[in-house]
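Overview (structure and organization)
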Amino acid sequence: MTRSTRERIIDEALRLFAERGYSATSVAEIEAASGLSPGAGGLYRHFKSKYEVLSAAINEHATRTRTQVADSLAELGDMESSADLEARLSHLCRAGLAKVREESELTRVFFRDLSQFPELVAVVREGLLQPMFDAITTWFRAQPEYEDAKLDWNGIAAVLGGSVVHYRLFQETVGESPGHAEKDQFVTAWVRLAVGLLPSPAPVS
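Here the structure is a predicted model, which means the values were calculated and not measured.

Moving on: the UniProt feature "DNA-binding region" (unreviewed entry) in the protein chain. Per the UniProt entry, the sites bearing "DNA-binding region" (unreviewed entry) are residues 28-47 in this numbering. Annotated as 30% helix and 0% strand, the span residues 28-47 places its first and last C-alpha atoms 13 Å apart.

Dropping the structure here:
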């Protein structure tokens with residue numbers, strides 16, 4: 001699918017911000033990477049400033065995340081009658097890992113540059129991070145095995161979701177997997193931990 005000029009600017013700007021940092025990336029460099037004449041002002045036909053490009057990138061990722069979370073929950077819901085609990089947990093974990101990996105460029109920008117833009121930190125928090133944890137809570141509460149369970153789902157989501165985020169962040173920052181655990185090992189351990197944290201499933205009548 002051909003990207004519009006606006007989409008190219010957003011994508012290439014985020015890539016450059018992730019590689020070089022926000023302050024170290026010039027408008028001309030964004031224009032050149034986007035296929036525009038560097039320094040000719042083509043970026044300003046779509047955005048008022050470099051900051052507006054960054055803001056648009058973060059807000060569009062947040063919007064996309066909300067859609068992806070809804071789609072993932074629907075897909076997991078469709079699995080309910082055809083897959084056992086461990087298979088569903090595995091799918092949930094892999095979906096989380098894939099999402100964190102997808103946001104690797106934004107993650108680098110977040111830790112390097114966004115402290116100077118608290119309003120964008122709020123967008124990341126409310127539009128990307130919390131929805132992922134909320135999705136885990138929603139998913140567990142929807143499982144028939146735990147319909148009557150009285151558990152701290154928010155706490156469980158923080159532990160399980162946090163481990164998924166940490167696994168990918170460790171890979172991004174250190175260059176290898178934590179504990180040298182490959183992805184399949186991590187997913188298997190995550191599922192076992194998730195099952196172990198929860199009470200024995202109530203029999204489905």
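The next subject is the side chain of Arg 88. With respect to the helices and strands, Arg 88 occurs in helix H4 (residues 85-102). Relative accessible area serves as the criterion here: at 2%, Arg 88 is assigned to the buried category. Of the polar contacts made by the side chain of Arg 88, one reaches the backbone oxygen of Ala 83; its length is 3.1 Å. Here the side chain of Arg 88 touches Gln 143 through a polar contact of 2.5 Å, side chain to side chain. The contact partners of Arg 88, leaving out residues within four places of it in the chain, are Leu 76, Met 79, Glu 80, Ala 83, Trp 139, Gln 143, Pro 144 and Glu 145.

All right, on to the nonpolar core then. Formed by 26 residues in total, the largest nonpolar core has its most connected members in Leu 54, Ile 58 and Leu 114. Looking at this core, the elements that each hand over two or more residues are helix H1 (5-20), helix H2 (27-33), helix H3 (50-79), helix H5 (104-113) and helix H6 (118-142). The biggest single contributor to this core is H1, with 7 residues. Leaving out residues up to four positions away in the same chain, Ile 58 has contacts with Leu 106, Leu 114, Leu 120, Val 123, Val 124 and Leu 128. Met 79, Ala 157, Phe 186 and Ala 194 belong to the second largest nonpolar core, which has 25 residues in total.

Under the counting rule described, the total for this entry stands at 7 aromatic pairs. Between Phe 110 and Phe 111, the ring centres sit 5.2 Å apart and the planes meet at 90 degrees, which makes this aromatic pair edge-to-face. Residue class for Phe 111 comes out exposed when judged on its relative accessible area of 59%. Residues Trp 139 and Phe 140 carry aromatic rings whose centres are separated by 5.0 Å and whose planes lie at 75 degrees to one another, so their mutual orientation is edge-to-face. One exposure class covers both Trp 139 and Phe 140, and it is buried. These aromatic residues form a ring-pair network of at least three members: Phe 17, Tyr 22, Tyr 51 and Phe 117.

What counts, and where the lines are drawn
Residues numbered from 1 in each chain as written. Predicted model: local features only at pLDDT ≥ 70, side-chain atom pairs only at ≥ 80, totals over all residues. Heavy atoms only, no water. UniProt positions renumbered as here; feature names shortened; annotations may be inferred. Helix = DSSP H or I, 4+ residues; strand = E, 2+ residues; numbered from the N terminus. Buried < 20%, exposed > 50% of the residue type's maximum accessible area, 1.4 Å probe, protein only. Polar contact = N/O pair within 3.5 Å; in protein donor to acceptor, adjacent residues only side chain to side chain. Contact = heavy atoms within 4.5 Å. Core = buried A, V, L, I, M, F, W, Y, C linked by side-chain atoms within 4.5 Å. Phe/Tyr/Trp six-rings, centres within 6.5 Å; stacked < 30°, edge-to-face > 60°.

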